[in-house]
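Structural features, examined
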Amino acid sequence: MTTTAYSPPPFQFPVPDLMASDCAPDDSYCPSPAQNPNPTPTPPAELLNLSFNQDHGCFAAGTDLGFRIYNCDPFREIFRRDFGPRGAVGLVQMLFRCNILTVVGGGPDPLYSPNKVMIWDDHQSRCIGELSFRSEVKAVKLRRDRIVVVLVQKIFVYNFADLKLLHQIETIANPKGLCEVSHVGPQAVLVCPGLQKGQIRVEHYGSKRTKFIMAHDSRLACFALTQDGRLLATASSKGTLIRVFNTLDGSLLQEVRRGADRAEIHSLAFSANAQWLAVSSDKGTIHVFNLKVDSGSLGNISPSESSPPHPSGVSSLSFMKGVLPRYFSSEWSVAKFHLHEGLEYIVAFGHQKNTVVVLGMDGSFYRCEFDPVNGGEMTQLEYYNFLKPEETF
């Protein structure tokens, strides 16, 4: 059985003060370029990891040289920390926009052990604490009061203020590190794989309840939570259907179809108001679906005022439901955006209305706009190559 050991930070962990000020979602921490420990020109970096922060206003890139932080709107590099040829960062996770990040080594020449979560304070440009494990860290999730560390068959939940271990969860083999945690509200909601194929475990820490949802028959490929943790979207390894559940009672609220062919789902994202759901896959297509869930009452499913007409939404053959195969009565995406097939992209909704931000493991940044009424192909508003800014700025 995998166990964990905690290495005390060199001084009292400063997060309680940060939570009251520096970690506010609208904070705009931006260190000066003079703080960069390696200001000399560096060779092109290779991407190892991409992740949005909790409100999708920024994203972090782990590279074979260190890590970089970018602002989404307007797009710009905020800062970078390059540590040289043996400074690879496999995972980097932001805490909104504050100076505290978590870093895990990765790649062929890792900066830190892939078995450790390093807590980085960018005010001091150094690590102030670490969490050590007996196996490789697959993912780290943060909220202001919790650090969640995902291993291949176990999840550890820590108190952020003192790094005290609060909870351990056993999971089925989870090589992708699938896990999500809510970011809004005083009590966390955590979702992770259960102990069976296709099963989701939901932890409601406020009510101290655990809920199990049999989401799919095949293995889980991806899932996402709304900010408040009330809604859960899931996809399986087949990648054809995406299901939306109520995390309180586990009920299925809606099912939408990405396509007929198998696909590897890379990311799912809810819009801030839970009206829209975005999906990216290895087919190189970004889909946006209209959700018909009343998130205020949860379980009250009613068509939204902005539900698109046929054929963007429900198939016009839906009146034949029960006669024709299920495929013909599926709910289809409202809007699409086509990219390069085979590349990995992650997606989030932008802070501008009806916009989607797409990040590619080739260093691409796209901002697209969709028509919420007529649907169809999205309009590309911006493109940058953030690994080679000289090519796009």
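Refer to the structure presented above.
Residues numbered from 1 in each chain as written. Predicted model: local features only at pLDDT ≥ 70, side-chain atom pairs only at ≥ 80, totals over all residues. Heavy atoms only, no water.

Another aspect to go through is the overall build of the protein. In terms of regular secondary structure, the protein is built from one helix and 30 strands. For the protein, buried positions account for 55% of its 393 residues. When contacts within the protein are restricted to residue pairs at least 6 apart in sequence, long-range pairs at least 24 apart make up 46% of them. Approximately 16,700 Å² of the protein is accessible, and the part contributed by carbon and sulfur atoms is 51%. (Helix = DSSP H or I, 4+ residues; strand = E, 2+ residues; numbered from the N terminus. Buried < 20%, exposed > 50% of the residue type's maximum accessible area, 1.4 Å probe, protein only. Contact = heavy atoms within 4.5 Å. Areas by Shrake-Rupley, 256 points an atom, 1.4 Å probe, with all protein chains shown as cover.)

Attention now moves to the environment of Lys283. Here Lys283 shows up in the loop between β23 (276–281) and β24 (285–290). Sequence-wise, Lys283 and Glu341 are 58 residues apart; in three dimensions their C-alpha atoms are separated by 4.8 Å. Residues within four places of Lys283 in sequence aside, it is in contact with Arg258, Asp261, Arg262, Ala263 and Glu341.

Attention shifts here to the pairing of strand β17 (residues 209–214). Here strand β16 (residues 199–204) runs beside β17; their pairing, made up of six bridges, is antiparallel. Considered in β17, the bridge of Gln199 is made with Met214. (Pairing = 2+ DSSP bridges.)

This part covers unusual backbone geometry. Geometrically, the link from Asp73 to Pro74 is a cis peptide bond, its omega value of 0° lying close to zero. With respect to the secondary-structure elements, Pro74 resides in the loop between β4 (66–72) and β5 (75–82). For His56, which is not glycine, the phi torsion reads 65° and is therefore positive. Inspection of the secondary structure puts His56 in the loop between β2 (47–52) and β3 (58–63). We classify His56 as partly exposed; its relative accessible area is 22%.

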